[in-house]
Amino acid sequence: MSKLIITAALTGAEVTRVQQPALPLTPGEIAQAAYDCYNAGASVVHVHAREIDGRPTQRKEVYAEIRERIAEKCNIIFQPSTGGAVWHTVQERGGPLELDPEMATLSTGTCNFGDDVFFNSQEIIEHFALEMLSRKIKPEIEIFERGRIENALRLVKKGLLVPPVHFDFVLGVPGACPGNIEDLLYMVRSIPQDSTWTVAGIGRYELPLAVHAIPMGGHVRVGFEDNIYYRKGELAISNAQLVERITRVAKELGREIASPDEARAILGIRK
Ligand code: KMH
Ligand code: ZN
């Protein structure tokens, strides 16, 4: 079994400081949180940028500052979002791809997203896939629903996505697939054998899904984008606290933690 890749999803587009007072928002805060998570065992950082007033933004200038500040501290893999917020235009969402990051997210389908809709038509999916292919950016395929796997495999058939594919099962989004263990098993059985995968359980699903993924050979994403609590009724004090717990559990289960360069090798990142 490969070493465990832990991704820290620090900020997201939806969470507010009112909900989670320790939410990192400015480039400096996000870079410091990324460094703390790196020290706790994370090898990938999934980034959503915010404007100075806290609004989610896909402006490449803000992402560039975040990436620069992180790179001054450590070599964690910088993985910006192309999902942005549900109201961002396709053009806005693609902002961080102009920075040619090593990795970025790619959502391969539309679903309900709380009271909103996270819209990804075939045209949008192929637009981002082509952009990432031509820039040699490793996509992390965001799977909120089972059908998104088929859409990703269609991209492979069309030559827009190069296997082995790396999937992220984002389970428990209100309005999309729930985050029960059975849901994770179903997803894992539905992907090609040479794939890699990680799981991002939303809210109360985060820890149980992570704990199951570790002995299954999967990888794990945690952080305030997905879950702001340490346990029921108790807010986490930092993103790093959530990463530290996964590192601890993995060690107890005998799974070693991947460094950023080991994660690059596992994911086939050659930039
Ligand atoms: N904020 C969601 C609407 C991604 O980062 O690629 C989309 C999202 C997925 O978070
Ligand atoms: Zn995201």
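**Thoughts on the pattern of salt bridges**
Consideration 1: The final tally for this structure, using the stated rule, is 19 salt bridges.
Consideration 2: Two residues, Glu262 and Lys3, come together in a salt bridge whose shortest N-O distance is 2.9 Å. In this pair, Glu262 sits in helix H9 (residues 260-267) while Lys3 sits in the segment before strand S1 (6-9), placing the two residues 259 residues apart along the sequence.
Consideration 3: The class for Glu262 is partly exposed, based on a relative accessible area of 30%.
Consideration 4: Between Arg55 and Asp53 there is a salt bridge whose closest N-O contact spans 3.0 Å.

**Re the state of the cysteines**
Here is the idea: a disulfide is a covalent bond, and it sits between the sulfur atoms of two cysteines.
Consideration 1: What the rule picks out here adds up to zero disulfides.
Consideration 2: Note on Cys37: no disulfide assigned, nearest cysteine sulfur contributed by Cys74 at a separation of 9.7 Å.
Consideration 3: For the unlinked cysteine Cys111, the closest cysteine sulfur is that of Cys177, found at 10 Å.
Consideration 4: Taking the relative accessible area as the measure of exposure, Cys111 reaches 5% and is therefore buried.

**Here's the deal with the coordination of the zinc ion (ligand 2)**
Each pair of donors in an ideal octahedron of six around a metal sits at 90 or 180 degrees, and each pair in an ideal tetrahedron of four sits at 109.5 degrees.
Consideration 1: Protein ligation of the zinc ion (ligand 2) involves His46 (NE2), His48 (NE2) and Glu225 (OE), the donor distances falling in the range 2.1 Å.
Consideration 2: Along the chain, the residues that donate to the zinc ion (ligand 2) are spaced as H-x1-H-x176-E. Here the residue His48 occupies a position in the loop between strand S2 (44-47) and strand S3 (49-50), and Glu225 occupies one in the loop between strand S12 (219-222) and strand S13 (229-231), the gap between them amounting to 177 residues.

**Focus on the sheet that holds strand S10 (residues 166-171)**
Consideration 1: A sheet is described by the order of its strands in space; here eight strands give the open sequence S5-S2-S1-S12-S11-S10-S9-S6, paired in parallel fashion. Looking at which strands have only one partner, the edges of the open sheet turn out to be strand S5 (77-80) and strand S6 (103-107). Each strand of the sheet is rotated relative to its neighbour by a mean of 25°, with strand direction disregarded.
Consideration 2: Looking at chain direction, S2 and S5 are connected through four bridges and run parallel. Note that in S5 the partner of Val47 across the bridge is Pro80.

**Brief notes about the nonpolar core**
Consideration 1: Ile70, Phe167 and Phe169 are the most contacted members of the largest nonpolar core, which has 68 residues in total.
Consideration 2: The greatest single-element share of this core, amounting to six residues, is contributed by helix H1 (residues 27-40).
Consideration 3: Those residues within four positions of Phe169 in sequence are excluded, and the remaining contacts are Ile143, Ile149, Leu184, Met187, Val188, Ile191, Trp197, Thr198, Val199 and Ala200.

About the criteria used
Residues numbered from 1 in each chain as written. Chains lettered and ligands numbered in written order. Predicted model: local features only at pLDDT ≥ 70, side-chain atom pairs only at ≥ 80, totals over all residues. Heavy atoms only, no water. Salt bridge = Lys/Arg side-chain N within 4 Å of Asp/Glu carboxyl O. Helix = DSSP H or I, 4+ residues; strand = E, 2+ residues; numbered from the N terminus. Buried < 20%, exposed > 50% of the residue type's maximum accessible area, 1.4 Å probe, protein only. Disulfide = S-S within 2.5 Å. Donors = N, O, S within 2.8 Å, 3.2 Å for Na, K, Ca; no water. Pairing = 2+ DSSP bridges. Axes fitted to C-alpha atoms, helices over the stretch in contact; angles between N-to-C directions. Core = buried A, V, L, I, M, F, W, Y, C linked by side-chain atoms within 4.5 Å. Contact = heavy atoms within 4.5 Å.

Coordinates in, geometry out; function isn't part of it.
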